[in-house]
Amino acid sequence: MEQLLVALDVDSRRRALELCNQLRGTVGGFKIGSRLFTSEGPSLVSTLVEHGDRVFLDLKYHDIPTVVAQAVQAASRLGTWMLTVHIAGGLKMLQAASDAARQADRPPLVVGVTVLTSLDSKELERIGIHRTMQDQVEDLAQLATDAGVDGIVASPQEVARLRARLGPNITIVTPGIRSAKGTGAPLRDDQIRTLGPAEAMRAGASYLVVGRPIIASSDPPAAARAIVSELENL
């Protein structure tokens, strides 16, 4: 299932490779975030790329334009398929990231993070943003597309309106996917703005990022297959 990406939110290379070996062929790629990247470094990205895996490098670059452009170049050299930048870095930073990706031999997709799925309206107010969540997400997404990035990252709850506003071609990546199958209630933990896999895809998501519901399962391949089955029945 090309649209299903698994978040390798683990500490060790050994566990990450074990999960990849179990899930390869069922899912469409693997996300490496700051936890695993800090523990194991860029060599793990290279290893997965050598296995033919699509690697989504989720380090959420947010710095001055030159530094971000150099980071995108470095990620491109590793063979990264998709990477994240924070839209809050501004127009020039986003343009620098996009330009750096396009100049690479194997250009990665650059997707801009709107608002983290762990935040709600109260948290937005605490950091000085006095507007609705939807307005904040939509305006950031518009800024990212104006800057020429390939897509955006947003919670599944914002996807439908984003798809209507941005059109069919923009890539929309949705974390915060929580399936209620077999649990009686959705697994939410620190993710606040969540939906189930089928709901997110119906809303217009391009890719779903799923971590704990798969990797914390007693049977990760079965958990992944259950989500794939749910999506195939749309």
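In this report, the structure presented in the accompanying data block is examined.

Thresholds, definitions, all that
Residues numbered from 1 in each chain as written. Predicted model: local features only at pLDDT ≥ 70, side-chain atom pairs only at ≥ 80, totals over all residues. Heavy atoms only, no water. Helix = DSSP H or I, 4+ residues; strand = E, 2+ residues; numbered from the N terminus. Rg over C-alpha atoms; globule rule 2.2 N^0.38 Å. Buried < 20%, exposed > 50% of the residue type's maximum accessible area, 1.4 Å probe, protein only. Contact = heavy atoms within 4.5 Å. Arc of directions from axis to C-beta. Pairing = 2+ DSSP bridges. Axes fitted to C-alpha atoms, helices over the stretch in contact; angles between N-to-C directions. Salt bridge = Lys/Arg side-chain N within 4 Å of Asp/Glu carboxyl O.

### Quick word on the overall build of the protein
And step 1. Secondary structure summary: the protein contains eleven helices and eight strands in total.
And step 2. Its C-alpha atoms give the protein a radius of gyration of 17 Å, near enough to 17 Å, the size a compact globule of 234 residues would have.
And step 3. Summarising its shape, the C-alpha atoms of the protein cover approximately 45 × 40 × 35 Å along the three principal directions.
And step 4. In the protein, which comprises 234 residues, the share counted as buried stands at 54%.
And step 5. The contacts in the protein between residues at least 6 apart in sequence include a share of 67% that link residues at least 24 apart.

### Observations concerning helix α3 (residues 42-50)
And step 1. Where α3 is concerned, the buried positions are L44, V45, T47, L48 and V49.
And step 2. The secondary structure elements touched by the buried residues of α3 are α1 (13-23), β2 (29-33), α2 (34-40) and β3 (55-61).
And step 3. Downstream of α3 by one or two residues, G52 has phi in the positive range, about 90 degrees.

### Points about helix α8 (residues 159-166)
Given 3.6 residues per helical turn, the α-helix brings residues three or four places apart onto the same face.
And step 1. Listing the buried residues of α8 in full gives V159, L162, R163 and L166. Buried residues of α8 fall within an arc of 100 degrees about the axis and therefore sit on the same side.
And step 2. Looking at the buried residues of α8, the elements they touch are α7 (133-147), β6 (151-153), β7 (171-174) and α9 (197-203).
And step 3. Remark: G167 follows α8 within two positions and exhibits a positive phi of approximately 90 degrees.

### Let's talk about the environment of E50
And step 1. Along the polypeptide, E50 turns up in helix α3.
And step 2. Here E50 falls in the exposed class, since its relative accessible area comes to 68%.
And step 3. Placed 28 residues apart in sequence, E50 and L78 show a C-alpha to C-alpha distance of 9.9 Å.

### Here we look at the sheet that holds strand β5 (residues 109-113)
And step 1. Around the barrel, which closes on itself, the eight strands sit in the order β1-β2-β3-β4-β5-β6-β7-β8 with parallel pairing between neighbours. With direction set aside, neighbouring strand axes in the sheet form an average angle of 25 degrees.
And step 2. Contacting β6 and β7, α8 runs over the sheet at an angle of about 170 degrees to β7.

### Description of the pattern of salt bridges
And step 1. Scanning the model with the defined rule gives twelve salt bridges in all.
And step 2. The salt bridge involving D58 is made with K31; its shortest N-O contact spans 3.1 Å. Here D58 is found in strand β3, whereas its partner K31 is found in strand β2, with 27 residues between them in sequence. Comparing D58 with K31, the two get one shared label, buried.
And step 3. With a shortest N-O distance of 2.3 Å, E123 and R126 are connected by a salt bridge. Of this pair, E123 and R126 both sit in helix α6 (residues 121-126), three residues apart, which is roughly one turn of the helix.
And step 4. Classification of E123 by relative accessible area gives partly exposed; the value is 30%.
And step 5. On the basis of relative accessibility, which here comes to 60%, the residue R126 falls in the exposed class.
And step 6. Beyond isolated ion pairs, a larger network of salt bridges with shared partners links R131, E138, D139, R161 and R165.

Take it as geometry only, folks, not as evidence of what the structure does.
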